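Analysis of the macromolecular model
Read off the chains here:
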Amino acid sequence: ENVTCSNDVGSQEQEQALYALASWWLECVAELSIGVMGLLGNGVAIFLLRSDRLASTFNRLLIGLCVVDNLFILSCCLEAVRRFVGTSNFHELAFIYFLYQLQSISLSCSINMTVVLAIEGKNSKKDQKVHGMHSITAAFTNHNVEKSLKSLILQHCIGKITRQIDLFLHYCCN
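My aim in this report is to walk through the structure given alongside it, one point at a time. Everything quoted here is computed from the prediction, not taken from an experiment.

A few points about the overall build of the protein
Scanning the protein from N- to C-terminus turns up four helices and zero strands. Listed by position from the N terminus, the elements making up the protein come as α-α-α-α. Restricting to contacts in the protein with at least 6 residues of sequence separation, those with at least 24 account for 76%.

In structure tokens:
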């Protein structure tokens, strides 16, 4: 029995229309809806974690993760608006020269912050078992950990930004 492939132009146009509709609902409507909920949720988390009662290294790192995640979500939402709703010359240039790099940097920082939070969570539980809930030694240890984590995150961000500037100059000048 011979199997033939249909090269019917009408069916290809229907498939493309179906793909465009599915893309609109998934990549625009769903992405923007989830993005807005994420921005609001992270905003509430930042507001709650800033209280003096919850002041700890782990919670400060969570605030940093919320900020970095908000940057990533915002850049993704702006890209969805650019692709599906409409764009201007300014938005195109902002995406090419800033938003695309911000998306990459914030995603990388988010991944690293999650790893740091996992390590800090493990270390803080170990400190509580060894030193008790709030000993002076644990406080000094957490302070040093916080300083070294800030330094590590800053070095990583500077490295990423330097790499993006290098790529920008490479492609602009060639």
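Quick notes on the pattern of salt bridges
Evaluated as defined, the whole model comprises five salt bridges. Close ionic contact of Arg 82 with Glu 79 constitutes a salt bridge, the shortest N to O distance being 2.7 Å. One end of the pair, Arg 82, and the other, Glu 79, are both in helix α2 (residues 57–85), three residues apart, so they sit about a helical turn from each other. The same class applies to Arg 82 and to Glu 79, which are both buried. For Glu 79, a relative accessible area of 10% gives the class buried. Here the salt bridges do not stand alone but share partners, grouping Glu 27, Glu 31, Glu 79, Arg 82, Arg 83 and Glu 92 into one network.

Examining the nonpolar core
Counting five residues, the largest nonpolar core is built from Leu 61, Leu 65, Met 113, Val 116 and Leu 117. The set of elements that each furnish at least two residues to this core consists of α2 and α3 (89–131). With three residues, the top contributor of residues to this core is α3. Residues within four places of Leu 117 in sequence aside, it is in contact with Phe 58, Leu 61, Leu 62 and Leu 65.

Some thoughts on α2
With 29 residues, α2 extends 41 Å from end C-alpha to end C-alpha; this agrees with the ideal 42 Å at 1.5 Å per step. Gly 86 sits one or two positions beyond α2 and adopts a positive phi of about 160 degrees.

Side note on a nonpolar patch on the surface
Taken together, the side chains of Leu 21, Trp 24, Trp 25 and Val 85 present a nonpolar region at the surface, about 430 Å² in accessible area. Broken down by element, the nonpolar patch gets its largest block of residues, three residues, from helix α1 (residues 9–49). If you trace the backbone, Val 85 turns up in helix α2.

Criteria and thresholds
Residues numbered from 1 in each chain as written. Predicted model: local features only at pLDDT ≥ 70, side-chain atom pairs only at ≥ 80, totals over all residues. Heavy atoms only, no water. Helix = DSSP H or I, 4+ residues; strand = E, 2+ residues; numbered from the N terminus. Contact = heavy atoms within 4.5 Å. Salt bridge = Lys/Arg side-chain N within 4 Å of Asp/Glu carboxyl O. Buried < 20%, exposed > 50% of the residue type's maximum accessible area, 1.4 Å probe, protein only. Core = buried A, V, L, I, M, F, W, Y, C linked by side-chain atoms within 4.5 Å. Expected span 1.5 Å × (residues − 1). Patch = residues over 30% accessible without salt bridge, like charges linked within 9 Å, V, L, I, M, F, W, Y side chains within 5 Å. Areas by Shrake-Rupley, 256 points an atom, 1.4 Å probe, with all protein chains shown as cover.

In short, shape yes, function no, at least from these values alone.
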